[in-house]
Amino acid sequence: MNIIEETHPPPPAKLEPDYLEAGHTVRSWLLTTDHKRIGLLYLFSIIFFFFIAAVAAGIMRLELLTPKGDLVLSETYSKLFTLHGVIMVWFFLIPSIPTVLGNFLIPMMIGARDVAFPKLNLLSWYLFMAGGMFALYAIIAGGVDTGWTFYTPYSSRYSNSHVIEMATGIFLSGFGSILTGLNFIITVHKMRAPGMTWFRLPLFIWSHYATSLILVLATPVLAITLLLMALERIWGIGIFDPRIGGDPVLFQHLFWFYSHPAVYIMVLPSMAVISELIPCFSRKQIFGYKFIAFASLAIAFLGFLVWGHHMFVAGPSVYAGLVFSLLSFLVAIPSAIKVFNWTATLHRGSISFETPMLYALGFIGLFSLGGLTGLFLAALGADVHLTDTYFIIAHFHYIMVGGTVLGFMGGMHFWWPKITGRMYPEKMGQLAALVTFIGFNLTFFPQFILGYLGMPRRYHAYAPEYQVYNVLSTAGASILAVGYILPVIYFIWSLHKGKKAPANPWNATGLEWQTPSPPPVHNFYETPLVVKGPYDYSPEEEERKLEERHG
Amino acid sequence: MAEATNAIAEQFDSSEQQHESAWLGLWAFLATEVLFFGGVFLGYIVYRHVYYESFVLASRTTNLVYGTVNTAVLLTSSLTMALAVHAAQVGKNKNLVRFLILTILLAITFMGVKGVEYYEHYKDHQIPGPSFVLKGAPEGELFYYFYFTMTGLHALHVVIGIGLLSVMALLAARRRFNPAYYTPVELSGLYWHFVDIVWIFLYPLIYLISRHS
Ligand SMILES: [Cu+2]
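What you see is a predicted model; the values in this text were computed from it and never measured.

Overview of the overall build of chain A
Logical step 1: Summing up its helical and strand segments, chain A has 17 helices and zero strands in all.
Logical step 2: Out of the 551 residues in chain A, the part that is buried amounts to 59%.
Logical step 3: The long-range fraction of contacts in chain A, counting pairs at least 24 apart against all pairs at least 6 apart in sequence, stands at 83%.
Logical step 4: For chain A, the exposed area adds up to about 21,300 Å²; of that, 70% sits on carbon and sulfur atoms.
Logical step 5: Side chains of chain A give 32 positive and 30 negative charges; the mean places of these two sets differ by 3 Å.

Structure (structure tokens):
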């Protein structure tokens, strides 16, 4: 791998400033090619988009307090859930962990100075922001009412909203995602430090590698699908148009061929974070390293074969339904393997409950519940009853929020000292994690019941018998909001008032902890030489073995 | 070798590492492109299966001469591109510039032929829309919709290729490449071959299959 022939002279040790001190001008941020700074650019951007989409959700929850549609018009409500879906999916969840933590950590974890293509990395961010601007324009100009799925013929023919602008935004940010995935794949292949073999890679890397494969292989299908939809809208006819023999169901096939794997783009990086947190706060080797590593790849692969479960009510043939149902059950297996391995890692570990660990444990519980309710939906018969109800909403929020957001929050707390050089206030962190967990469950658990009882999604008014659960859900949402706002406040507070962070506050084993906090511009004063695996959490044991071997 | 060392970006340890990264990066990008074209190719194949007779009838109204000429033009351009990469490899800078320009000219020829072909479709009312006429093939309009979408996307890639190769020709004229450093030429070549291969699939799909059955 690393053939060292023409080495750069390393910067004089200790003289290199940390990456935050390396420049204070706006220009030094907007033109940076440092993966750590680009990670922070993404952090600010996605938090901004998150709060826009969260406000939309807040208005929807307020509307749903009462059965009558008395706060917003039906049309406005459609625009609100479209905004919430589009922004959350493409401008928060998909970029969240990979572009912030992935960008910051992947080069450090493999002992590299940067990603393989730093300029391309910056270009990704600009594409993402250009996409974001188109999306914002579509929202400000009047919004989009198609739902985040853009089903034809509504999107291509009947909707009078800003579909093209929104699709352009998604197209551009998708291009950014593809380049990020590409960058990560090449970085993992070509930039590993001497001694960093594939099976010494932290599981964070394996999971991001699998995510990147999906980004590179699935996102282009979304691009062509949106392009064909937009073309149909502009041209007046198209391949999804029944008037010339086209079939709108083909749009659904193409859309879900991307959008099911996209679920794993969102959740694999969160699993990446959890695989780092669990061993560190149990002080144990991860259980079943190779199982978890290959489970990531299995998820990436199987995820491409199950898109049909989103279309059980679109009239597939009996056999297609059967096969997609079966495959959807199969895709649960690698996820379950991971959950069992994390649980086995906890077994007889010396567990402590710092904030990141609270989020990690929350993740395991909520993700499991989200995954198990997914089996209801993979079952053809049950799905017909539950499709387009709040059961679906609850199910995927358990995965998206309970999975991805909790993983993101856990990771942010865990690596905050590394990123900023400051500690966050631990007690506040634990409180926020608890509030988030309670608020989340109160928001979304009632929606399982609502859906089972038959309340359809995407309406601003509903039958009065559903009100109790909706009130519970809205109450939960306000608690959840506190859980989100608290960390923003104390993170900002910690930048000036937080305790200075040592290089390795958690006594963790990853390479990123063996360099100062915050790290120098080129990450390490000298390229590390890797001699052991990533979760070397029982030093006494290692010592004893070494002595035996030499004695 | 002094120049080659200058060309190493600071994140890499060696020119070899840099070269392999760039190479692998372009392959990953081409994988993305395959899936991008794959979506619309899949649609074409599905509909061709469903509306077999209409699609066969409509495909017979395409212009086989233009299609074949363009196939020959693109294949030749792949050859000149390969020769350009070889010239860069052995350090014959003049030849490199010549072959790059030849490739660009062939690409422009391709676009010219395609333009004439589009114009004739326009004259024959074969552009999908209110003025579309094709007797005897009820789904002929769908066929032509695919025809324009697929060849249009391909043409867009040819135009990008022309831009890319022009930049390479300009850099080569300024003697920016040598046997120790010519990765950009090599990668542009790989991209150009990919654009050709897309056409190698388009040509039979649109012009050839079931033409004489
Ligand atoms: Cu799915």
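Examining the interface of chain B and chain A
Logical step 1: Contacts between chain B and chain A engage 40 residues on the former and 41 residues on the latter.
Logical step 2: Where chain B abuts chain A, roughly 3,600 Å² becomes buried across the two surfaces, and 67% of that area is made up of carbon and sulfur atoms.
Logical step 3: Sorting the residues of chain B by area buried against chain A places B:Q11, B:D13 and B:Y145 first, and these three jointly supply 20% of that buried surface.
Logical step 4: Along the contact surface separating chain B from chain A lie two salt bridges.
Logical step 5: Residue A:K190 pairs with B:E20 through a salt bridge whose shortest N-O separation is 2.9 Å.
Logical step 6: Along the contact surface separating chain B from chain A lie 13 residue pairs in polar contact (both at pLDDT 80 or more).
Logical step 7: At the level of elements, α2 (15-50) and α6 (140-173) of chain B are the ones that each hand at least two residues to the side of chain B that touches chain A.

Focus: the confidence of the model for chain B
Residues and elements named next belong to chain B.
Logical step 1: On average, residues of chain B score 93 in pLDDT, and 96% of them reach the 70 mark or higher.
Logical step 2: Between residues 1-5, whose pLDDT stays under 50, and residues either more than four places distant or in other chains, the model counts six contacts.
Logical step 3: For this predicted complex, the interface confidence comes out at an ipTM of 0.93, alongside a pTM of 0.93.

Considerations on the coordination of the copper ion
Residues and elements named next belong to chain A.
Logical step 1: In this structure, H260 (ND1), H309 (NE2) and H310 (NE2) serve as the protein donors to the copper ion, at separations of 1.8 to 2.0 Å.
Logical step 2: The class of H260 is buried, set by a relative accessible area of 6%.
Logical step 3: The exposure class assigned to H310 is partly exposed, which follows from its relative accessible area of 28%.

Side note on a nonpolar patch on the surface
All names here are of chain A.
Logical step 1: Taken together, the side chains of V26, L30, L31, L123 and Y126 make up a nonpolar region of the molecular surface, amounting to roughly 450 Å² of accessible area.
Logical step 2: Taken together, the elements giving at least two residues each to the nonpolar patch come down to α1 (26-30) and α4 (118-140).
Logical step 3: Residue placement: L30 occurs in helix α1.

Points about the environment of A:Q447
All names here are of chain A.
Logical step 1: Tracing the chain through its elements places Q447 in helix α15 (residues 426-453).
Logical step 2: Given the relative accessible area of 2%, Q447 is considered buried.
Logical step 3: Sequence separation of Q447 and E526 is 79 residues, and the distance between their C-alpha atoms is 53 Å.
Logical step 4: Setting aside residues no more than four positions away along its own chain, Q447 makes contact with R61, Y390, F391, I393, A394 and S473.

What to know about the environment of A:L71
All names here are of chain A.
Logical step 1: Mapping L71 onto the fold places it in the loop between α2 (35-63) and α3 (74-109).
Logical step 2: Sequence-wise, L71 and M60 are 11 residues apart; in three dimensions their C-alpha atoms are separated by 9.0 Å.
Logical step 3: Those residues in contact with L71 that sit more than four places away from it in its chain are I59, L62 and E63.

Overview of the packing of α2(B) against helix α7 (residues 183-208) of chain B
Residues and elements named next belong to chain B.
Logical step 1: With their axes 10 Å apart at the nearest point, α2 and α7 run at an angle of 15° to one another. Taken as axis vectors, α2 and α7 run roughly parallel relative to one another. Read as a crossing pair, α2 and α7 show a hand that is right-handed. Each of H19, A22, W23, L26, W27, L30, E33, V34, F37, F41, Y44 and R48 in α2 lies in contact with α7, whose residues at this interface are T183, E186, L187, L190, Y191, F194, V198, F201, L202, L205 and I206.
Logical step 2: Here the residues of the contact of α2 with α7 are counted per class, giving 18 nonpolar, two polar and three charged.

Comments concerning the pattern of salt bridges
Residues and elements named next belong to chain B.
Logical step 1: Using the criterion set out here, one finds seven salt bridges over all chains in the structure.
Logical step 2: Residue E117 pairs with K114 through a salt bridge whose shortest N-O separation is 3.0 Å. Here E117 and its partner K114 are both found in helix α5 (residues 93-123), three residues apart, which amounts to about one turn of the helix.
Logical step 3: Judged by relative accessible area, which is 1%, E117 ranks as buried.
Logical step 4: Among the residues examined, K114 registers a relative accessible area of 2% and is labelled buried.

Digging into the side chain of A:T443
Residue and element names in this part refer to chain A.
Logical step 1: Looking at where T443 falls in the secondary structure, it is placed in helix α15.
Logical step 2: In this structure the side chain of T443 is engaged in a polar contact, spanning 3.2 Å, whose partner is the backbone oxygen of G476.
Logical step 3: Only 3.0 Å separates the side chain of T443 from the backbone nitrogen of A477, close enough to count as a polar contact.

Observations regarding helix α6 (residues 163-190) of chain A
Logical step 1: For α6(A), built from 28 residues, the straight-helix expectation of 40 Å at 1.5 Å per residue is met to within 8% by its first-to-last C-alpha distance of 40 Å.
Logical step 2: Where burial is concerned, most of α6(A) is hidden: 20 out of the 28 residues are buried.

Topic: the packing of helix α12 (residues 355-378) of chain A against α15(A)
All names here are of chain A.
Logical step 1: Contact geometry of α12 with α15 gives a least axis separation of 9 Å together with a crossing angle of 10°. With respect to α15, the axis of α12 lies roughly parallel. The handedness of the crossing between α12 and α15 comes out as left-handed. In this structure, α12 uses T355, L358, Y359, G362, L366, L369 and T373 to contact α15, whose residues at the interface are E426, G429, Q430, A432, A433, T436, F437, F440, N441, F445 and F448.
Logical step 2: Among the residues forming the contact of α12 with α15, the class breakdown is 10 nonpolar, seven polar and one charged.

What counts and how
- Residues numbered from 1 in each chain as written.
- Chains lettered and ligands numbered in written order.
- Predicted model: local features only at pLDDT ≥ 70, side-chain atom pairs only at ≥ 80, totals over all residues.
- Heavy atoms only, no water.
- Helix = DSSP H or I, 4+ residues; strand = E, 2+ residues; numbered from the N terminus.
- Buried < 20%, exposed > 50% of the residue type's maximum accessible area, 1.4 Å probe, protein only.
- Contact = heavy atoms within 4.5 Å.
- Areas by Shrake-Rupley, 256 points an atom, 1.4 Å probe, with all protein chains shown as cover.
- Lys, Arg positive; Asp, Glu negative; His and termini not counted.
- Charge placed at Lys NZ, Arg CZ, Asp CG, Glu CD.
- Buried area = accessible area lost by both parts, 1.4 Å probe.
- Salt bridge = Lys/Arg side-chain N within 4 Å of Asp/Glu carboxyl O.
- Polar contact = N/O pair within 3.5 Å; in protein donor to acceptor, adjacent residues only side chain to side chain.
- pLDDT = per-residue confidence, 0-100.
- Donors = N, O, S within 2.8 Å, 3.2 Å for Na, K, Ca; no water.
- Patch = residues over 30% accessible without salt bridge, like charges linked within 9 Å, V, L, I, M, F, W, Y side chains within 5 Å.
- Axes fitted to C-alpha atoms, helices over the stretch in contact; angles between N-to-C directions.
- Parallel < 35°, antiparallel > 145°, perpendicular 65-115°, else oblique.
- Left-handed = near helix turned anticlockwise from the far one by under 90°.
- Nonpolar A, V, L, I, M, F, W, Y, C, P; charged D, E, K, R; others polar.
- Expected span 1.5 Å × (residues − 1).

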